[in-house]
Amino acid sequence: MEHELAHVDAARCSGCGRCVAACALRLFAFETHNWKKTSVMQDAERCSGCGDCVAKCPIDASAK
Ligand code: SF4
Ligand code: SF4
């Protein structure tokens, strides 16, 4: 069965790191572009679709 993969809306992400800490599979990492830090999905293929990262994001930048 197909599941929805998490992704980050870089335009909205504040770089707070909650999703990075929430993912048990450690699929997120930080990237910095033009002095703005954001969370970036590193390995979407491994995402289980559990939703933990989405639940932690305070601005709904991490979504499924
Ligand atoms: S949905 Fe779950 S497995 Fe996928 S990135 Fe978020 S916390 Fe990790
Ligand atoms: S929890 Fe949301 S705002 Fe915070 S780093 Fe993750 S995607 Fe960005």
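Here the residue index of a chain counts from 1 through its sequence in written order. Lettering for chains starts from A, numbering for ligands starts from 1, and both go in the order in which the items are written. At least 70 in pLDDT is required for a residue's local features to be given in this predicted model, at least 80 for side-chain atom pairs to be given and counted, and no such filter applies to totals for whole chains, interfaces and linings, which use all residues. Water and hydrogen atoms play no part in the side-chain values, which are based on all heavy atoms of the structure.

1. Some words on the confidence of the model for the protein
Line of reasoning, step 1. Confidence of the predictor at the level of single residues is given by pLDDT, which spans 0 to 100. In the predicted model, the protein carries a mean pLDDT of 90, and the fraction of residues at 70 or more is 94%.
Line of reasoning, step 2. Helix numbering and strand numbering both begin at the N terminus, where a helix is a DSSP run of H or I of at least 4 residues and a strand a DSSP run of E of at least 2. Taking the mean pLDDT of every element in the protein, the minimum, 78, falls on strand β4 (residues 62-63) and the maximum, 97, on helix α1 (residues 18-22).

2. Things to note about the site of ligand 2
Line of reasoning, step 1. We call a residue near a given molecule or strand whenever any one of its heavy atoms falls within 4 Å of it. Looking at ligand 2, there are 14 residues lining it, with C13, C16, G17, C19 and C57 nearest.
Line of reasoning, step 2. Only Asp, Glu, Lys and Arg are considered charged in this grouping, and only Ala, Val, Leu, Ile, Met, Phe, Trp, Tyr, Cys and Pro are considered nonpolar; every other residue, Gly among them, is considered polar. Of the residues belonging to the shell around ligand 2, the class tally is eight nonpolar, five polar and one charged.

3. Describing the site of ligand 1
Line of reasoning, step 1. Taken together, the residues surrounding ligand 1 are A6, C23, L25, F28, M41, C47, S48, G49, C50, G51, D52 and C53.
Line of reasoning, step 2. Its residues assigned to classes, the shell around ligand 1 shows eight nonpolar, three polar and one charged.

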